[in-house]
Amino acid sequence: MKKQRASFISSYGARAALFAFAFLFCMDDAYSGDSAEDNIDFSASSASEAVKQAVDWIQDRRDNRYLPFAIIDKNNSGIFVFDTKSKFLASGPVLLGIARYDRIDPKTLNSSLSKIAADQRVTPSGRYWAILGKDHNGKEMLWIDPEYAIALHPVVDVPGQKRKTRLKTETSKDNRITWGCINVSPVLFETIITPVFKEKGGMIYILPEEPENKGLMQIGDTR
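Treat the numbers as computed from the prediction; the structure is a model and nothing was measured.

This part covers the overall build of the protein chain. Each helix and strand counted, the protein chain has 6 helices and 10 strands in total. Buried residues in the protein chain amount to 52% of all 223 residues. By sequence separation, contacts in the protein chain at least 24 residues apart represent 68% of the contacts at least 6 residues apart. For the protein chain, the exposed area adds up to about 11100 Å²; of that, 52% sits on carbon and sulfur atoms.

Pasting the structure below:
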């Protein structure tokens, strides 16, 4: 975690400055996307009511601002990816942090993975501006919260965790296994997420699973 954060922060700062300018430049422009009703077909997906409500929330507020976005449904361990005009592109299962909480304990900021207890391995909920970048091994990831080394990336092999098997099972009950990062299938990452988020990054909306934290999506990070 500490190695990932240190190696990424220098390149992240320069890229974030450029992307922030592009993001802010379009904030006041007229929204040119089509309506959700015209573009998004959930009939062929497993979208929950919470995901549908999130799409409406994003569309009503024009919140994605010309950027692609993805909604992560933690309760059902799924991801739904959309283009700049809110057109539904793809969905798939995800692996998430073991702990079923919405906020990361700040005390884990400088901890090594081996010292983070299972009940502290959280995939944080909220609204984030994410961009593609490399980890300390040179592998591409979609960085969501670089301060805590939280990223979305292709599923990785971890001895004893059977992550690839978990991702393929029909149930979402075995999808809570990571330290907080979001694992997706390599096909989804390489053919959808990477090309869609490559130019300017995009918005990631991670839906909260604790009822009292419903408002987190509105106040998350937008870096």
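Moving on, there is more to tell.
Now for the sheet that holds strand β6 (residues 140-145). In spatial order, the strands read β3-β2-β1-β10-β5-β6-β7-β9; together these 8 strands make up an open sheet with mixed pairing. In the strand order of this sheet, the two ends are held by β3 (88-93) and β9 (182-184), each with one partner. Adjacent strand axes in the sheet meet at a mean angle of 25 degrees, parallel and antiparallel pairs treated alike. The pairing of strand β7 (residues 150-154) with β9 spans 3 bridges and is parallel. The partner of histidine 153 across the bridge, within β9, is asparagine 183.

A few words on the side chain of threonine 123. Checked against the element boundaries, threonine 123 lands in the loop between β4 (96-97) and β5 (126-134). Looking at threonine 123, its side chain comes within polar contact range of the main-chain nitrogen of glycine 97, at 2.8 Å. The contacts of threonine 123, once residues within four sequence positions are left out, are Lys74, Leu96, Gly97, Tyr101, Thr178, Gly180, Cys181, Ile182 and Ile206.

Burial within strand β10 (residues 202-207) is extensive, with 6 of its 6 residues counted as buried. Both strand β1 (residues 69-73) and β10 contribute to a ladder of 5 bridges, which runs parallel. Of the residues in β10, the one forming a bridge with phenylalanine 69 is methionine 203. Sheet analysis places β5 next to β10, joined by 5 bridges and oriented antiparallel. For tryptophan 129, the partnering residue across the bridge sits in β10 and is methionine 203.

Quick notes on the rules
Residues numbered from 1 in each chain as written. Predicted model: local features only at pLDDT ≥ 70, side-chain atom pairs only at ≥ 80, totals over all residues. Heavy atoms only, no water. Helix = DSSP H or I, 4+ residues; strand = E, 2+ residues; numbered from the N terminus. Buried < 20%, exposed > 50% of the residue type's maximum accessible area, 1.4 Å probe, protein only. Contact = heavy atoms within 4.5 Å. Areas by Shrake-Rupley, 256 points an atom, 1.4 Å probe, with all protein chains shown as cover. Pairing = 2+ DSSP bridges. Axes fitted to C-alpha atoms, helices over the stretch in contact; angles between N-to-C directions. Polar contact = N/O pair within 3.5 Å; in protein donor to acceptor, adjacent residues only side chain to side chain.

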